[in-house]
Amino acid sequence: MVTGTCFAETGNSVICVDIDKEKISKLNDGKITIYEPGLEKLFLRNLRENRLLFTTSLEQGIKDAEIIFLALPTPPGEDGSADLKYVLGVAEDLGKILTDYKVIVDKSTVPVGTAEKVHAAIAKNFKGEFDVVSNPEFLREGVAVDDFMKPDRVVIGTSSERAKKVMSELYAPFVRQGNPVIFMDERSAELTKYAANSFLATKISFMNEIARICEKVGANVDMVRRGVGSDERIGKRFLFPGIGYGGSCFPKDVQALIKSAKEVDYDFEILNAVTKVNDDQKMHLYPAIKSFFKDDIKGKHFALWGLAFKPNTDDIREAPALFMIDALLADGATVCAFDPEAMNNVKGVVGDKIAYSESRYEALEGADALIIATEWNEFRTPDLSRIANTLKNKAIFDGRNLFELPTMQKLGFHYISVGREPITSSL
Ligand SMILES: NC(=O)c1ccc[n+]([C@@H]2O[C@H](COP(=O)([O-])OP(=O)(O)OC[C@H]3O[C@@H](n4cnc5c(N)ncnc54)[C@H](O)[C@@H]3O)[C@@H](O)[C@H]2O)c1
């Protein structure tokens with residue numbers, strides 16, 4: 001959606017093809033199917049201008065195309081490696097219907113060697129000339145449009161001069177401020193994407209471990225974060241501790257790189273640790289929740305703020321909130337959740353096993369405690385007195401460190417956050 005819409009926004013004619021009939025029909029009716037800040041406006045404008053079309057027919061989609069982007073899912077297979085069946089399936093279908101030169105671009109996150117596999121899958125049936133380019137995507141959900149329109153860099157893996165020219169022209173409007181388009185071979189481009197995501201995941205897990213040490217030695221991770229993040233070599237971003245990373249990319253991409261490394265007989269030890277730390281981190285607050293209720297969670301009712309894996313998206317893939325819900329339900333608790341954008345998606349997965357509320361305050365009614373799983377801006381400065389007066393116990397378990405410790409102390413909360421001094425009171 002973001003790739004197609006942003007290319008249309010710079011004046012290209014884009015036809016998006018998807019096998020999901022319902023999705024395509026909604027999009028053709030002008031109804032956007034994902035929440036992403038700024039996307040709807042661009043989507044509607046380009047739809048109106050007829051630069052953005054949607055179809056379920058691959059044949060229709062590619063008929064007049066000069067460039068074909070494959071932005072297909074690459075979910076983890078059973079062994080953690082990226083499952084290429086969607087990418088290679090479409091590549092094979094393309095081979096059957098191509099008639100002239102096209103540039104086929106792997107936009108999906110795919111393991112090293114995929115460009116060659118895509119080439120082979122197409123070449124099975126198409127004997128004409130074509131190029132396969134690796135062009136990984138680095139946008140962040142939640143700021144995807146901004147990231148796509150003004151990328152820090154564009155990575156293009158190709159050994160074809162002809163494809164290089166086509167891709168340079170396509171991306172020229174996006175790099176007018178001078179951000180680099182970095183050309184390289186296909187394999188390096190493929191690995192760059194996994195290296196980038198795995199490094200960012202490593203930063204988060206590293207900081208989560210620092211947070212655990214902080215808890216043990218009485219340091220404050222927010223201070224440590226500021227102290228280390230001001231060093232330009234380290235950088236301020238991706239240093240926020242919490243209850244683990246989720247989303248559609250980090251968990252699967254880290255696993256896929258571990259698996260790719262194994263295939264060449266290399267044990268990627270750092271990433272094994274990154275994964276383990278993250279798995280544990282999702283449940284980091286849970287012992288504190290149990291201990292507050294003296295190990296008796298059964299029958300307790302929890303308000304849960306935040307379901308999306310991060311703010312400004314409705315994406316709930318691998319969201320820490322879902323792991324929290326599972327644990328609470330397994331222990332016999334009940335949950336009422338609120339999220340500004342992601343509730344419909346959670347309803348699709350969890351259904352009526354939990355209750356949903358229309359506002360953050362309504363979710364608190366009758367709750368024994370509040371758990372915060374996503375740092376939506378609207379959770380940052382709530383009426384804390386109202387929370388204190390609505391909850392049965394003044395207890396907040398904050399997986400995103402939203403509130404200042406002295407404030408919570410003054411208001412008499414039992415307040416547990418990540419990597420900071422616990423503020424305790426008993427039931
Ligand atoms: N979501 C992100 O922020 C992000 C960022 C960078 C890279 N990526 C990569 O981009 C790829 C796509 O990710 P996504 O989040 O957009 O996935 P998604 O699951 O939201 O969308 C993929 C779409 O492909 C469609 N599809 C499946 N099989 C098809 C077929 N045979 N023909 C046509 N359409 C088909 C699905 O119906 C779905 O609508 C993945 O490889 C992902 O790792 C995603």
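Residues numbered from 1 in each chain as written. Predicted model: local features only at pLDDT ≥ 70, side-chain atom pairs only at ≥ 80, totals over all residues. Heavy atoms only, no water.

Right, let's talk about the overall build of the protein for a bit. In terms of helices and strands, the protein carries 17 helices and 13 strands. Taken over the C-alpha atoms alone, the protein extends approximately 75 × 45 × 40 Å along its principal axes. Sequence separation of at least 24 residues holds for 71% of the intrachain contacts in the protein that already meet a minimum separation of 6. Accessible surface computed for the protein: about 20,500 Å², of which carbon and sulfur atoms make up 51%. (Helix = DSSP H or I, 4+ residues; strand = E, 2+ residues; numbered from the N terminus. Contact = heavy atoms within 4.5 Å. Areas by Shrake-Rupley, 256 points an atom, 1.4 Å probe, with all protein chains shown as cover.)

This part covers the packing of aromatic side chains. Here the distance between the centres and the angle between the planes together describe a pair of aromatic rings. Counting across every chain of the model gives 17 aromatic pairs. Ring centres of F293 and F302 lie 5.4 Å apart, and the angle between their planes is 85°; on these two criteria the pair is classed as edge-to-face. Taken together, F7, F69, F148, Y171 and F174 form an aromatic cluster joined through their ring pairs. Sitting over the face of the ring of F138, R153 holds its NZ or CZ atom 3.6 Å from the ring centroid. (Phe/Tyr/Trp six-rings, centres within 6.5 Å; stacked < 30°, edge-to-face > 60°. Lys NZ or Arg CZ within 6 Å of the ring centre and 35° of its normal.)

Turning our eyes to something else, we now look at the packing of helix α5 (residues 85-97) against helix α6 (residues 114-123). Contact pair α5 / α6: the axes reach a minimum separation of 7 Å and the direction vectors enclose 35°. Here α5 runs over α6; the crossing is right-handed. Only T114, K117, V118, A121 and I122 of α6 make contact with α5, whose side of the interface consists of V87, L88, A91, E92 and G95. Classifying every residue of the contact of α5 with α6 by side-chain character gives six nonpolar, two polar and two charged. (Axes fitted to C-alpha atoms, helices over the stretch in contact; angles between N-to-C directions. Left-handed = near helix turned anticlockwise from the far one by under 90°. Nonpolar A, V, L, I, M, F, W, Y, C, P; charged D, E, K, R; others polar.)

In this section: the pairing of strand β3 (residues 67-70). Strand direction decides the pairing type here: β3 and strand β4 (residues 103-106), joined by four bridges, are parallel. Along β4, the bridge assignment pairs I67 with V103. Once the chain exits β3 it traverses α5 before rejoining the sheet at β4, and the crossover so formed is right-handed. (Pairing = 2+ DSSP bridges. Right-handed = clockwise from strand over helix to strand, strands pointing away.)

This part takes up the environment of D296. Topologically, D296 is positioned in the loop between α13 (286-292) and β8 (301-305). For D296, a relative accessible area of 39% gives the class partly exposed. When the C-alpha positions of D296 and A333 are compared, they lie 9.3 Å apart, and in sequence the two are 37 residues distant. (Buried < 20%, exposed > 50% of the residue type's maximum accessible area, 1.4 Å probe, protein only.)

This next bit is on the site of the ligand. In the vicinity of the ligand lie 21 residues, with D18, K23, T74, E141 and K252 positioned nearest. The side chain of D18 places a nitrogen or oxygen atom 2.5 Å from an oxygen atom of the ligand. L72 places a polar main-chain atom, nitrogen or oxygen, 3.3 Å from an oxygen atom of the ligand. Across the complex, the protein chains shield 77% of the 840 Å² of accessible surface that the ligand would expose by itself. Here the shell around the ligand is composed, by residue class, of nine nonpolar, four polar and eight charged. (Near = heavy atom within 4 Å. Polar contact = N/O pair within 3.5 Å; in protein donor to acceptor, adjacent residues only side chain to side chain.)

Let's shift gears to unusual backbone geometry. Positive phi, close to 60°, is recorded for N50, a residue that is not glycine. In this fold, N50 is placed in the loop between α3 (39-48) and β2 (52-55). Under the relative-accessibility criterion, N50 is labelled exposed at 54%. Of note in this structure, N401 is not a glycine but carries a positive phi near 50°. Residue position: N401 is located in the loop between β12 (395-398) and α17 (405-410). N401 sits in the buried class, given a relative accessible area of 12%.

Keep in mind these numbers describe shape, not what the thing actually does.
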